[in-house]
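Residue-level structure breakdown
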Amino acid sequence: MSYKLTKIILLIFLIGVIIVSFTACSNNSNQTSDSLPEEINFGILRVPNDETIAMVEGFFDKYFTEKGIKCNYIVFDSGAEANQALASGSIDFATMGNVNAVTSLARDLGVEMIWIHEVLGDIEALAVKEDSGINKIEDLAGERVAVPFASTCHYVLLNALKNVGIEDQVQLLDMKTTEIVAAWQRGDIKAAYLWQPTLGEVLKTGKVLISSKEMAEKGYITANVEVVRKEFSNRYPDLVTSFINMLSEAADIYREDPEKAAAIVAKKLEITPEEALKQMRGSSWHTREEQLSPDFFGETGNPGHFATIMKETSDFLQEQDSIDDSPSQEEFNEYVNPLYIEKSLGKSEG
Amino acid sequence: MDSEKQTLSKKDPEKEKRKNKNEKKLTVGTWVVILIAWYLITKFEIFSPTLLPSPSRVLTTFFRLLEDGYNGVSILSHLRASFRRLFLALALANATAVPLGLLSGYFSKIEAIIDSVVEFYRPLPPLAYYTLLILWFGIDDKSKIILLFLAAFAPIYLACVSAVSKINENYILSAKSLGANQKNVFFKIVLPACLPEIFTGIRTAFGVSYTTLVSAEMIAATSGIGWMVFDASNFLKSDVIFVGIIIMGITGVLIDAGLRFLERKIVYWKGHV
């Protein structure tokens, strides 16, 4: 009898599992295509950029809330966390470093890149303690350097070490930016590659060895970019265009009056306006027209240089064993999508 | 333990044996169902491989990790780094929590001093105070071992206090009336009587500190099985995460089995009194 019982229980279990997995997938395809979503979830970074200006100035209300869409903001320390949220479908838009955006494509998260918030310059840098006696990158051999792994900083640092041939002699420690500040103040680490506003903290007792600006001049360009889930952008292309309009309007404030923009983000990020202005000057912001130039997105059907940068970054990540397969140049050309910037400028017939 | 209890109860041993056999079948069956469901879900690609990698992919990754290691460090070295932290912390916890726990159970004044502190920090999530430990003890192994130690301390301490309070007063009184001094009472009566519960405390402590391992290795580590899982999550390497979790699960079960084996050898009288 009990043998029969075992069989029955197993059967019920198996059926249960199958039903659950099928209802789970039919839920996904069962969404009705209404004109507007009830809410949009934005993954954001705490950095002085156009998105932060837009938040403080209430642009999200103007562009989204007034249409009856609820906006939720989820703050991430780095794009690695944002990718996890994208993978589970918890967020629609996400700001992240382009290194994480490469991961999004390589892991097939079904997203596309639609905007470059800023091209990173002095805002990210390799800092060493004043009294450490480290004056050039070669001196780092045998030292420990802290850096948030899988970030733009990590990518640039690895290349900086590789260029002088000491990548095997430096121990890298994976830490969040706030943890780096703590370890720095304790004296556990003498060198760290990180971004503002925490970079400013460590530079109080440190100096810059090399910045992402200098590395960008050597061809290792990094940027903070915006990605959107394709499922969202295909259903609500107009909302994605609105989002670009909004960011562009916010960035105009900075272009017209940097002091005013600095005062706006300073409040949100809890830093002084002077500090905010310095940090914002550490990266370059580009207008929609500039983003459509061959240097960045290019135009639909005529991909710009940024897709090549992404492919180079991707190949490097594959070499590092961080991703299994590097997507092809064609996939990157499609991934770096200028369509919504074109629509925002009224250039696209679509 | 359970099986011991069952064989001790005076039922028909043949019937008991059959019942055990059926239960084993159910356990094995559960795992077979889980594996089949896993296989089918990935076979029909209901979820993307990033969300749920297939069993064969996880297996391939496992062999690749065995061969090449992760981040240039072999899997065994990662395990060794983790277990060094874990066992140092457990040893430290045993060395302090057992005497303090027994003393607390013995002398209510000592309990009054220690107990409230333990009760206060015990429910705190480790990540809440880990940053403080890093500030105080640095980013090296010291802060990690202390975090694991704190996780392991409370269960052992509490088990000891409760064990002492459960001792039958008559044992102590009769020993004393037969002329045993304080030292004899402690080593001949109290300690042996407490051992079974101390062991349970140690096993719980192992479980708690093992669950804290990933948190401990999240910050500034470059080795350890917990770190491997954490680092893999940066690039959404879910196959590596699966391998890490399966390794942790299996080693966890093995170590617990080892502790149970020790318990049976040392506290062989358990269940017989």
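The structure presented is a predicted model; accordingly, all values stated were derived computationally and were not measured. (Residues numbered from 1 in each chain as written. Chains lettered and ligands numbered in written order. Predicted model: local features only at pLDDT ≥ 70, side-chain atom pairs only at ≥ 80, totals over all residues. Heavy atoms only, no water.)

1. Re the overall build of chain A
A count of helices and strands for chain A gives 17 helices and 13 strands. Relative to the compact-globule value of 20 Å for 350 residues, chain A shows a C-alpha radius of gyration of 23 Å, a close match. Along the longest, intermediate and shortest principal axes, the C-alpha atoms of chain A span 75 × 60 × 40 Å. In chain A, which comprises 350 residues, the share counted as buried stands at 55%. Here the contacts in chain A between residues at least 6 apart in sequence split such that 77% fall between residues at least 24 apart. The average position of the 31 basic charges and that of the 55 acidic charges among the side chains of chain A differ by 5 Å. (Helix = DSSP H or I, 4+ residues; strand = E, 2+ residues; numbered from the N terminus. Rg over C-alpha atoms; globule rule 2.2 N^0.38 Å. Buried < 20%, exposed > 50% of the residue type's maximum accessible area, 1.4 Å probe, protein only. Contact = heavy atoms within 4.5 Å. Lys, Arg positive; Asp, Glu negative; His and termini not counted. Charge placed at Lys NZ, Arg CZ, Asp CG, Glu CD.)

2. Observations concerning the overall build of chain B
When its secondary structure is counted, chain B shows eleven helices and zero strands. Element order for chain B, N to C, with α for helix and β for strand: α-α-α-α-α-α-α-α-α-α-α. A buried classification covers 43% of the 273 residues belonging to chain B. Expressed as a percentage of contacts within chain B between residues at least 6 apart in sequence, the contacts between residues at least 24 apart total 74%. In the structure as shown, chain B presents an accessible area of about 15100 Å², 67% of it carried by carbon and sulfur atoms. Here chain B carries 30 positive and 21 negative side-chain charges, and the mean point of each set is 5 Å from the other. (Areas by Shrake-Rupley, 256 points an atom, 1.4 Å probe, with all protein chains shown as cover.)

3. What to know about the interface of chain A and chain B
Taken together, the contact between chain A and chain B spans 35 residues of the former and 35 residues of the latter. Considering only the surface of chain A that becomes buried against chain B, Arg107(A), Asp174(A) and Arg186(A) emerge as the three largest contributors, covering 17% of it. At the boundary of chain A and chain B, one finds two salt bridges. A salt bridge links Asp140(B) to Arg144(A); the nearest nitrogen and oxygen atoms lie 2.7 Å apart. Along the contact surface separating chain A from chain B lie eleven residue pairs in polar contact (both at pLDDT 80 or more). (Buried area = accessible area lost by both parts, 1.4 Å probe. Salt bridge = Lys/Arg side-chain N within 4 Å of Asp/Glu carboxyl O. Polar contact = N/O pair within 3.5 Å; in protein donor to acceptor, adjacent residues only side chain to side chain.)

4. Here we look at the side chain of Glu226(A)
Considering the arrangement of structural elements, one finds Glu226(A) in strand β10 (residues 223-229). Despite being buried, Glu226(A) has no salt bridge partner; Arg229(A) is the closest side chain of opposite charge, sitting 11 Å away.

5. Topic: the packing of aromatic side chains
Enumeration according to the criterion identifies 25 aromatic pairs over all chains in this entry. Here Phe83(B) and Tyr210(B) contribute two aromatic rings whose centre-to-centre distance is 6.2 Å and whose plane-to-plane angle is 15 degrees, an arrangement assigned as stacked. Here Phe83(B) is found in helix α4 (residues 75-106), whereas its partner Tyr210(B) is found in helix α9 (residues 182-218), with 127 residues between them in sequence. Taken together, the aromatic side chains of Phe42(A), Phe60(A), Phe64(A), Tyr73(A), Phe93(A), Phe232(A), Tyr236(A) and Phe243(A) make up a single cluster linked through ring pairs. The positively charged end of Lys62(A) is found above the aromatic ring belonging to Phe59(A), 5.0 Å away from the centroid. (Phe/Tyr/Trp six-rings, centres within 6.5 Å; stacked < 30°, edge-to-face > 60°. Lys NZ or Arg CZ within 6 Å of the ring centre and 35° of its normal.)

6. Points about the pairing of strand β5 (residues 124-129) of chain A
All names here are of chain A. Among the six residues that make up β5, six are buried, leaving the element largely enclosed by the rest of the structure. Here β5 shows no split at all, with Glu124, Leu126 and Val128 on one side and Ala125, Ala127 and Lys129 on the other all buried. Strand direction decides the pairing type here: β5 and strand β9 (residues 206-211), joined by five bridges, are antiparallel. Looking across to β9, one finds that Lys129 is bridged to Gly206. (Pairing = 2+ DSSP bridges.)

7. Some words on the environment of Met218(B)
When you line up the elements, Met218(B) lands in helix α9. Residues Met218(B) and Pro126(B), 92 residues apart in the sequence, show an inter-C-alpha distance of 12 Å. If we ignore the near neighbours within four places in the chain, the residues touching Met218(B) are Asp174(A) and Phe230(B).

8. Some thoughts on a nonpolar patch on the surface
Taken together, the side chains of Val28(B), Val32(B) and Ile36(B) make up a nonpolar region of the molecular surface, amounting to roughly 240 Å² of accessible area. With respect to the helices and strands, the residue Val28(B) is situated in helix α2 (residues 13-43). (Patch = residues over 30% accessible without salt bridge, like charges linked within 9 Å, V, L, I, M, F, W, Y side chains within 5 Å.)

9. A word on the packing of helix α10 (residues 225-234) of chain B against helix α11 (residues 238-266) of chain B
Each pair of packed helices gets described by two things: the angle between the helix axes and the distance between those axes. All names here are of chain B. Taken N-terminus to C-terminus, the directions of α10 and α11 make an angle of 160 degrees; their axes are 8 Å apart at the nearest point. Relative to α11, the element α10 lies roughly antiparallel. Handedness of the crossing formed by α10 with α11: left-handed. Side by side, α10 and α11 meet where Ile225, Met228, Val229, Ala232 and Ser233 of the first sit next to Val240, Ile241, Gly244, Ile245, Ile247 and Met248 of the second. A breakdown of the residues in the contact of α10 with α11 according to their chemical character gives nine nonpolar, two polar and no charged. (Axes fitted to C-alpha atoms, helices over the stretch in contact; angles between N-to-C directions. Parallel < 35°, antiparallel > 145°, perpendicular 65-115°, else oblique. Left-handed = near helix turned anticlockwise from the far one by under 90°. Nonpolar A, V, L, I, M, F, W, Y, C, P; charged D, E, K, R; others polar.)

10. A few points about the sheet that holds strand β11 (residues 283-284) of chain A
All names here are of chain A. Spatially, β2-β1-β3-β10-β4-β11 is the arrangement adopted by the six strands of the open sheet, whose pairing is mixed. The sheet is open, and its two borders are formed by β2 (70-76) and β11, each paired with just one other strand. As paired elements, strand β4 (residues 111-120) and β11 share two bridges and run antiparallel to each other. Within β11, the position partnered with Leu120 by the bridge is Ser283. Each of β1 (39-45), β3 (93-97), β4 and β10 touches helix α11 (residues 237-256); the most contacted strand, β4, lies at about 5 degrees to it.

11. What to know about the domain arrangement of chain B
Each assigned domain of chain B is listed here: domain 1 (13-46) and domain 2 (53-266). Each of domain 1 of chain B and domain 2 of chain B has a C-alpha centre, and the two are 30 Å apart. (Domains from an automatic or database assignment.)

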